[in-house]
Amino acid sequence: MTEQYEVIVVGGGAAGLSAGLVLGRARRRTLVVDAGEPRNAPAAHLQGYLTRDGMAPAEFLAAGREEIARYGVELVADRAVGAARDGRDFTVTLAGGRTVRGRALVVATGLRDELPEVPGLAERFGRDVLHCPYCHGWEVRDRPFGVLATDPLGVHQALMVSQWSKDVLFFLHRVAEADLTDLDLRRLAAAGVGVVPGEVAALEAADDRLTGVRLADGTVHPRSVLFTAPRPVPRDDLLVALGAQMRETPFGAYPVIDERGLTSVPGLWAAGNASGFAEQVVNAASRGYRAGAAINGDLLFADLDAAVGV
């Protein structure tokens, strides 16, 4: 049997929970589907969220789940494996066997980080292998930093992290020095960032702490923090299946949305990292809030117009 809701939210992170909170408070029968794969799960704390700075991500999500439950929003631990347009509504199929139907659908499925294949890197990600100085820079300030290039855009990351440490080495890894522009090299020199050519073979650790970066020639550079830029892989299966217009960016394909989060498909919304690469937790929550409020207004006026025959 197909269960009917007014709004279905796929994704139980900051964006999805925020949308669910607004919709629940607006007295909309709402379902949040949570596959339990938050992007920031490897991190011990989240930073930069006013009044929540330093909070553990799991604690943040638990508080959000408790809040939406107060307003009758249903949360199910499951995965959405398919979605289709059914007249003006959406039908979503869950891995557990349920089929649910809603007048509006919010996709807040986020993205996953595809890490460089360097031995010792993945198991340290979120601890002393990091990607965002705004997320973690203060906590590791003034330590010896390394920056692992994944492409020439890594120069930008190396320059940015120099704000938090004056001991920064930029490991070119598989990027040729010739791929860096003269301006790149002059900026790196001005920032005091050392450039290290050669492929990185592995990370070294002792007592469960990063101690160094080892090159293929055996040279070891002592470092206690390594920044790198994972390749973002948006979880966009539902958006693509429903025919949302997508836009290509250097960080993956994301849906074309208006300022509220509405995609090119009527009734289909995107929020959080499903709508863009650079949505931090606070931004994702804001996106979810905006989408939830806009959906409630759209549904309200659709019902009023139907009642008066518009």
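Residues numbered from 1 in each chain as written. Predicted model: local features only at pLDDT ≥ 70, side-chain atom pairs only at ≥ 80, totals over all residues. Heavy atoms only, no water.

Caption draft 1: Structural context of the overall build of the protein chain. Looking only at helices and strands, the protein chain features 7 helices and 19 strands. Taken along its principal axes, the extent of the C-alpha atoms in the protein chain is 75 × 35 × 35 Å. A fraction of 60% describes how many contacts in the protein chain between residues 6 or more apart in sequence connect residues 24 or more apart. As displayed, the protein chain has an accessible area near 15,100 Å², and 53% of this comes from carbon and sulfur atoms. The positive charge centre, built from 32 side chains, and the negative charge centre, built from 39, are 5 Å apart in the protein chain. (Helix = DSSP H or I, 4+ residues; strand = E, 2+ residues; numbered from the N terminus. Contact = heavy atoms within 4.5 Å. Areas by Shrake-Rupley, 256 points an atom, 1.4 Å probe, with all protein chains shown as cover. Lys, Arg positive; Asp, Glu negative; His and termini not counted. Charge placed at Lys NZ, Arg CZ, Asp CG, Glu CD.)

Caption draft 2: Main features of unusual backbone geometry. The backbone of Thr51 sits at a positive phi, close to 75 degrees, despite the residue not being glycine. Along the polypeptide, Thr51 turns up in the loop between strand E2 (30-34) and helix H2 (57-69). Thr51 gets classed as exposed once you look at its relative accessible area, which sits at 63%. The backbone of Asp207 shows a phi angle near 55 degrees, a positive value even though the residue is not glycine. Topologically, Asp207 is positioned in the loop between strand E12 (200-206) and strand E13 (209-215). Take Asp207: its relative accessible area is 72%, and that puts it in the exposed class. (Buried < 20%, exposed > 50% of the residue type's maximum accessible area, 1.4 Å probe, protein only.)

Caption draft 3: Structural view of the side chain of His136. Along the chain, the position of His136 falls in helix H3 (residues 133-136). Looking at His136, the relative accessible area reads 13%, which means it is buried. In contact with His136, not counting residues within four places along its chain, are Ala43, His45, Gln47 and Leu130.

Caption draft 4: Just the pairing of strand E11 (residues 193-196), in detail. Two strands pair when backbone bridges link them, and strand E10 (residues 168-171) and E11 are joined in this way by 4 bridges, in the parallel orientation. Of the residues in E11, the one forming a bridge with Val168 is Val193. Traced from E10 through helix H5 (residues 182-191) to E11, the parallel crossover comes out right-handed. (Pairing = 2+ DSSP bridges. Right-handed = clockwise from strand over helix to strand, strands pointing away.)

Caption draft 5: Representation of the packing of aromatic side chains in the model. Taken as a whole, this structure holds 4 aromatic pairs when the rule is applied. Ring geometry for Tyr134 versus Trp164: centroids 5.6 Å apart, planes at 85 degrees, classification edge-to-face. A residue pair is termed long-range when its members are at least 10 positions apart, and Tyr134 in helix H3 and Trp164 in the loop between helix H4 (154-161) and E10 qualify at 30 residues. Classification of Tyr134 by relative accessible area gives exposed; the value is 60%. (Phe/Tyr/Trp six-rings, centres within 6.5 Å; stacked < 30°, edge-to-face > 60°.)

Caption draft 6: The arrangement of the pattern of salt bridges in detail. Tallying each qualifying case throughout the model produces 23 salt bridges. One salt bridge connects Glu114 with Arg231, and the closest N-O pair in it is separated by 2.9 Å. With Glu114 in strand E7 (residues 111-114) and Arg231 in strand E16 (residues 231-234), the pair connects residues that are 117 residues apart, well separated along the chain. Across the salt bridge formed by Arg260 and Asp298, the nearest N and O atoms sit 3.4 Å from each other. Here Asp298 lies in helix H7 (residues 281-308) and Arg260 lies in the loop between strand E18 (252-255) and strand E19 (268-270), a separation of 38 residues in the sequence. The class of Asp298 is partly exposed, set by a relative accessible area of 35%. (Salt bridge = Lys/Arg side-chain N within 4 Å of Asp/Glu carboxyl O.)

Caption draft 7: Looking closely at the sheet that holds strand E14 (residues 220-222). Here 3 strands make up an open sheet; going across it, the order is E12-E13-E14 and the pairing antiparallel. Whereas interior strands pair on both sides, the edge strands pair on one side only; in this sheet they are E12 and E14. Averaged over all pairs of adjacent strands, the angle between strand axes in this sheet comes to 30 degrees, irrespective of strand direction. Judged from the 3 bridges that link them, E13 and E14 form a sheet pairing that is antiparallel. Residue Arg214 lies in a different strand from E14, and its bridge partner there is Val220. (Axes fitted to C-alpha atoms, helices over the stretch in contact; angles between N-to-C directions.)

Caption draft 8: Looking closely at the nonpolar core. Counting residues in hydrophobic clusters, the biggest one holds 26 residues, and the most contacted among them are Val7, Val9, Phe60, Val106, Trp269 and Ile295. Broken down by secondary-structure element, the contributors of at least two residues to this core are strand E1 (2-10), helix H1 (14-25), H2, strand E6 (99-107) and H7. Take this core: its biggest share by element is 6 residues, from H7. Those residues in contact with Val9 that sit more than four places away from it in its chain are Gly16, Leu23, Thr30, Leu31, Val32, Val33 and Val106. (Core = buried A, V, L, I, M, F, W, Y, C linked by side-chain atoms within 4.5 Å.)

Caption draft 9: Spatial organisation of H1. For H1, spanning 12 residues, the distance from its first C-alpha to its last is 17 Å, which sits close to the expected 16 Å at 1.5 Å a residue. Taken across its 12 residues, H1 has 10 buried, putting it largely inside the fold. Among all positions in H1, only Ala14, Ala15, Gly16, Leu17, Ser18, Ala19, Gly20, Val22, Leu23 and Gly24 are buried. Contacts from the buried residues of H1 go to E1, E2, H2, strand E3 (74-77) and H7. Following H1 by one or two positions, Arg27 adopts a phi angle in the positive range, close to 70 degrees. (Expected span 1.5 Å × (residues − 1).)

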